[in-house]
Amino acid sequence: MKKLVSFIVLTMLWLTPVHAEGETHAKIQTSMGDIVVELYPEKAPKTVENFLQYATEGHYDRTLIHRVVRGFVIQGGGYSRFFVERPTRDPIPYEADNGLKNERGTLAMARSDHRDSAAAQWFINLKDNTDLDHKMFEGLPVYGYTVFGRVVDGMEVADAIGAVETGPGGQFESEVPVEPVIIERVDPIDWPAVE
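Now for a quick tour of the structure. Just so we're clear, the structure is a prediction, and the values are computed from it rather than from any experiment.

Observations concerning the layout of surface pockets
If you add up the space inside the largest pocket, you get close to 160 Å³. In terms of lining residues, the largest pocket is bounded by 13 residues, among which A110, S117, A119, A120 and Q121 are the most central. Here the residues of the lining of the largest pocket sort into four nonpolar, six polar and three charged.

Pasting the structure below:
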């Protein structure tokens, strides 16, 4: 009997998909299509934890991609479709010195001028944006924007969002999609999908 139980346990372990430690993915469902991102908790643990908490709590549900800068970034996760800013938790600590670069297709946190001010908003880089990277200059840090993931499926959706017509909207004078682009929801997922 013990041998049978051992065999069953070993078989179950063998059949269980093995994922790299810390590997996490999320699906960003938008009104223009889905974007799947791989997250990097080993490089940006607080940022990934924060993003996933907002996602699972429904914070991102029915929010806007409220900022589109053609050939630069698309940004969302902060405002309802009526431009009401969603309440956030306390900001998270700065993690942009993790070695990850703001390259095309990466997912990064938006923030204000203060390095430790990132809360819920994020953006996808539409090109390599080296100006947004953490760097050292004459021995002093130049603070950047924390990269915590990368698009692994649906970059064509991000590019399509990045090409929409923009203008004023809500409290913003420019860079708002004329036709609203809605983030329907964000969910952690297995990737590739287990069938």
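Let's pick the thread back up.
Regarding the nonpolar core
Nonpolar side chains tend toward joint burial in soluble globular proteins. Residues I35, L39, F51, Y60, W122, I124 and F148 are the most contacted members of the largest nonpolar core, which totals 34 residues. The dominant element in this core, judged by the number of residues it contributes, is helix α2 (residues 45-56), at five residues. Among the nonpolar cores identified, the runner-up in size contains seven residues, and V69, V73, A108 and F123 belong to it.

Quick notes on the environment of S31
Structurally, S31 can be placed in the loop between β1 (24-30) and β2 (33-39). Among the residues examined, S31 registers a relative accessible area of 39% and is labelled partly exposed. Sequence-wise, S31 and V157 are 126 residues apart; in three dimensions their C-alpha atoms are separated by 9.9 Å. Contacts of S31, omitting those with residues within four sequence positions, involve P180, V181, I182 and E184.

A few points about the pairing of strand β9 (residues 147-153)
One ladder, built from four bridges, connects β2 with β9; its direction is antiparallel. Note on β9: the bridge partner recorded for V37 is V151. Of the strand pairs in this sheet, strand β5 (residues 106-109) and β9 are connected by three bridges, and their pairing is antiparallel. By the bridge assignment for β9, A108 is matched with V147.

Calculation criteria
Residues numbered from 1 in each chain as written. Predicted model: local features only at pLDDT ≥ 70, side-chain atom pairs only at ≥ 80, totals over all residues. Heavy atoms only, no water. 1 Å grid on protein atoms, 1.4 Å probe; cavity = no way out; pocket = protein on both sides within 12 Å on 5 of 7 lines; lining within 4 Å. Points joined across faces, edges and corners; volume = space filled by probe spheres on them. Nonpolar A, V, L, I, M, F, W, Y, C, P; charged D, E, K, R; others polar. Core = buried A, V, L, I, M, F, W, Y, C linked by side-chain atoms within 4.5 Å. Buried < 20%, exposed > 50% of the residue type's maximum accessible area, 1.4 Å probe, protein only. Helix = DSSP H or I, 4+ residues; strand = E, 2+ residues; numbered from the N terminus. Contact = heavy atoms within 4.5 Å. Pairing = 2+ DSSP bridges.

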